[in-house]
Every structure is written in C-alpha cells, then in structure tokens.
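A closer look at the structure
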Amino acid sequence: MPDPNTRTPNSGTGLPGASYSRRNHRALTSDQPGRSRWFAIDEAGNDGDQLYGREHRYFVLGGIAIDDAEAAEILQDIRTRARVQAPEIKFQRSFSKLGDAWKRDILAELLSPSGALAGRTMLYVVDKRYMIATKLVDLLIEERYHALGIDVVSNGIVRKIAIDLATWGPKAVGADHFDVLLATTAMFFSKKNRRGDKISADELYRIYREAASYSRRKKNPAVRHLADVFEFLAKRTRVYAEEFAAERSQAAAGVPSAVAGLDDDAMDPIIPALAALVSSASARFGRLDILADEQRLLTDEKFDVLDKAIAAMITTWHQRDGHALRGELVRGQSASHPSLQLADLVSGAGLASTRHSDTDPESQEDLDLAVRQIFLPDSLLIP
C-alpha cells in the first residue's frame, strides 16, 4: 500500500520523499568561536543538464561566509535602502531591471573592499558551451586514450582540446553546424535521453563525421587542426558513447549500472561547480559547514558522494587534509535562512554581470567591477 505521506515535504525542506529525508538544516545557522564557520551557497542561471539553447549561457554558483544572524542584519539594511517589501529578497525580482541600477549600487558597495561582504564572497562561473566541449572530451576522447594506457589529463592535453573546440569550433565547421553539434552532444548525454529516444548514437556520430568533413576544407591552420579531433571522435570513440547510453538505459529500467553517483548527472553544471566552490572556500576560510539552497538534483545520496569528492579535491588541489576541512553539507530553504537570500543576491549579481560582459565588455557599472573581483580563477569559462 502506498505511503500516504510520500508527497509531504520533509521537515526543513520543501522536497518530499526518502531521497531528501536527511541533510536538512532547520535551525538558523550560527557561527561559534573555535568551530566551523557557515558558508551559504545559491545558484543562478540553472537549466540542469539542458545546457544549450536556453535563456542563460552561463551558470553561476555564489557563496558567502556568513551565518544567518549576521546575514539578517545586512538583509534588513538592504531592504531599507533598496525599498524592498517582498518577504523574501531575490536578485531577479528586485535588482535585475533596467531601472534598478541604483539598487545594484547598494550591492556593489557591500561587495567593495570596504563593504560588509568584502573578502567573504566567491563566485564560480560556468560557460555552458565550454562545459559541453569539456564533457565531450572527458566522456569520449579521454576514454579512448585511457583505454590505450595514455594519460592525457595530467599533461593538460584534455583541457587544451576542450578549449580549442569551444574557441575555434565555430570557425572550423561553421557557426550553425557547431551549434547543432553542441546541442546534439548535450542532449545525447542528458537524462532526458535515458532511453535513447531523443538522440541516437547514429545521429550523434553523423554530426561528428560531418564536422570532420567540413573542417578538412578549411585553409586556416589555426582551425584546420580540429579536423583531426573531429575525425578521432567520429572513428575512435563511438563504443564509449554506446556504453554510456546502454548503462543509462539499464539504470532507467532499474538495473544496477556503472552510471551512478555523480556520473549520472555528467552534464549538470551544479555538480562540478559545487565541488570546486566548496574546495576553494575551504582552502581560504578553513573548516566550513555548507548550507546549500535546496535543489531537486541534490539528493541525500548526491551529497554523500559530493562529500567524498570535495575532500579529495581539497587534498589534491591544496595539499591539505580535505576531511579535516569538510564540515557539514546540508540543504535549507531560502525563506528560512537569511544567509541563503544573501547568496542569491551574490549569484544573481554574478549572472547579470557575466551576461553584461558579453554585450558590453568594457562596462564600468559599479556592480560589474565589484563582481569581477570575486570570480574564482578556475571557473569553467573559455579562457
């Protein structure tokens, strides 16, 4: 008999079901001397693993080292000065419009070197086009080299191929065809294609073969070398795409599969962004307790796996004990946590400024200048 409470949200979150029954933080966060400090995280521009053809080219994850008590005081100041009357402060709702420039100046002041949020905010930015190119290389090209016993990760070859694809791909095969290539790749590896009914391997590899043919016609040596990459894709990697698709199909049917943990959401930017942001924040601030705004993707099981991945990243990147710097990793509702509302303002400001830089790279708006100072240098952006 079905459990009548399966649609009832778990305490501390608006998400129902057993997958969200743990890791919910109900009480207000409070920093205690000599213990971990709280770090609140929220995102902007999230379309899940639908990385191409959506409204936002960028995904931004913003974090701030602050607890709810201090955040509430800062929020009240913002509310008064910006004349915000909504019960929950959101960047998109109150600061994003053309006539809101004077409100954005208030946020810029808070983020400035002398502001209340100086030195405690961080932004991780993902250019979704670059992420597709990166995942294409990781899931297909690197797999082939790995099977041959060749390490192309530690020597930087994988990253260089991804950068070349994202940067020169439109010139190598034509902008329209490269758009199709990225969109098809993203859909093939997305969860919506679990049963292969959206994009087949036949369709994906037809496009890769066409890309190889188009790029061979180019005379510019700066882009013509990508013909070798596309030909390698078309001729040497299909087996790995088919294996991935088969495992996804098995998982959809309830059969235990190797595609699990974080790999099951390979195309969702929140996974690498969260791991990288927390790793960098822990290296800067010391031991942290992480409060993330609730996301359906971030189940208890995903948090369990992320915990281990973050500890490994801290140890590898920063040569420090990742387990010692890894505190709690929990979710919360922004309506109940002022710190998450501040994180929303930070991430929203990051998304607005990143998109603004596309249309006006020389922008001198105060918020754009302030935000550029808190971008993490290892963000997943085309260099």
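My aim in this report is to walk through the structure given alongside it, one point at a time. (Residues numbered from 1 in each chain as written. Predicted model: local features only at pLDDT ≥ 70, side-chain atom pairs only at ≥ 80, totals over all residues. Heavy atoms only, no water.)

**Structural notes on the overall build of the protein**
- In terms of helices and strands, the protein carries 15 helices and 5 strands.
- Relative to the compact-globule value of 21 Å for 383 residues, the protein shows a C-alpha radius of gyration of 22 Å, a close match.
- The principal-axis extent of the C-alpha atoms belonging to the protein is close to 60 × 60 × 40 Å.
- The proportion of buried residues among the 383 residues of the protein is 52%. (Helix = DSSP H or I, 4+ residues; strand = E, 2+ residues; numbered from the N terminus. Rg over C-alpha atoms; globule rule 2.2 N^0.38 Å. Buried < 20%, exposed > 50% of the residue type's maximum accessible area, 1.4 Å probe, protein only.)

**A short note on the pattern of salt bridges**
- Tallied over the entire structure, the rule returns 21 salt bridges.
- Ionic pairing is found between Arg22 and Asp304, a salt bridge with its closest N-O pair at 2.9 Å. Pair noted here: Arg22 is in the segment before β1 (37–44) and Asp304 is in helix α12 (residues 300–318), with a separation of 282 residues, a long-range link.
- For Asp304, a relative accessible area of 26% translates into the label partly exposed.
- When the shortest N-O distance is used, the salt bridge between Asp304 and Arg23 registers 2.9 Å. (Salt bridge = Lys/Arg side-chain N within 4 Å of Asp/Glu carboxyl O.)

**Details of the pairing of strand β2 (residues 58–65)**
- Burial runs high along β2: 8 of the 8 residues are buried.
- The side-chain alternation of β2 yields two buried faces, one formed by Tyr58, Val60, Gly62 and Ile64 and the other by Phe59, Leu61, Gly63 and Ala65.
- Relative to β2, β1 runs antiparallel, the two being bridged by 6 bridges. Bridging from a neighbouring strand, Phe39 pairs with Ala65 of β2.
- Across 7 bridges, β2 lies against strand β3 (residues 121–127) in antiparallel orientation. Within the sheet, the bridge partner assigned to Tyr58 lies in β3 and is Asp127. (Pairing = 2+ DSSP bridges.)

**Remarks on the side chain of Asp49**
- Position of Asp49 relative to the elements: it lies in the loop between β1 and β2.
- When neighbours within four sequence positions are excluded, Asp49 is seen to be in contact with Ala186, Ser190, Lys191, Met267 and Asp268. (Contact = heavy atoms within 4.5 Å.)

**Some thoughts on helix α1 (residues 68–82)**
- Between its first and last C-alpha, α1 extends 20 Å over 15 residues, near the 21 Å set by a 1.5 Å rise per residue.
- Residues of α1 that are buried: Asp68, Ala71, Ile74, Leu75, Ile78, Arg79 and Ala82. Down the axis of α1, the smallest arc covering the buried residues is 145 degrees, so these residues share one side. Exposed residues on α1 whose side chains face more than 90 degrees from its buried face are Glu73 and Thr80. (Expected span 1.5 Å × (residues − 1). Arc of directions from axis to C-beta.)

**Describing the nonpolar core**
- Core analysis: the biggest nonpolar cluster contains 77 residues, and Phe39, Leu165, Leu181, Tyr208 and Phe230 have the highest contact counts within it.
- Counting residues per element, this core draws most heavily on helix α11 (residues 270–285), at 10 residues.
- With residues near it in sequence (within four places) discarded, Phe39 still touches Gly63, Ile64, Ala65, Arg120, Met122, Leu277, Ala281, Phe285, Leu288, Asp289, Ile290 and Leu291.
- In terms of nonpolar packing, the next biggest core, distinct from the first, is built from 38 residues, Ile106, Leu107, Leu123 and Ala349 among them. (Core = buried A, V, L, I, M, F, W, Y, C linked by side-chain atoms within 4.5 Å.)

**Observations concerning the packing of α11 against α12**
- As a packed pair, α11 and α12 sit with axes 9 Å apart at the nearest point and diverge in direction by 50 degrees. The orientation of α11 relative to α12 falls into the category oblique. The handedness of the crossing between α11 and α12 is right-handed. From α11, Ile271, Leu274, Ala275, Ala276, Val278, Ser279, Ser280, Ser282 and Ala283 reach across to α12, where they touch Lys302, Phe303, Leu306, Ile310, Met313, Ile314, Trp317 and His318.
- Class assignment for the residues of the contact of α11 with α12 results in 12 nonpolar, 4 polar and 1 charged. (Axes fitted to C-alpha atoms, helices over the stretch in contact; angles between N-to-C directions. Parallel < 35°, antiparallel > 145°, perpendicular 65-115°, else oblique. Left-handed = near helix turned anticlockwise from the far one by under 90°. Nonpolar A, V, L, I, M, F, W, Y, C, P; charged D, E, K, R; others polar.)

**Thoughts on the sheet that holds β2**
- An order of β3-β2-β1-β4-β5 is seen for the 5 strands of this open sheet, with the pairing classed as mixed. For this open sheet the edge positions go to β3 and β5 (326–332), each flanked by a neighbour on one side alone. When the angles between neighbouring strand axes are averaged without regard to direction, this sheet yields 20 degrees.
- Here strand β4 (residues 288–293) runs beside β5; their pairing, made up of 5 bridges, is parallel. What sits directly across from Leu291, in β5, is Val330.

**Describing the environment of Ala18**
- Structurally, Ala18 is set in the segment before β1.
- Taking relative accessible area as the criterion, Ala18 reaches 66% and is therefore assigned exposed.
- Taking C-alpha positions, Ala18 is 8.7 Å from Asp300, a pair spaced 282 residues apart along the chain.

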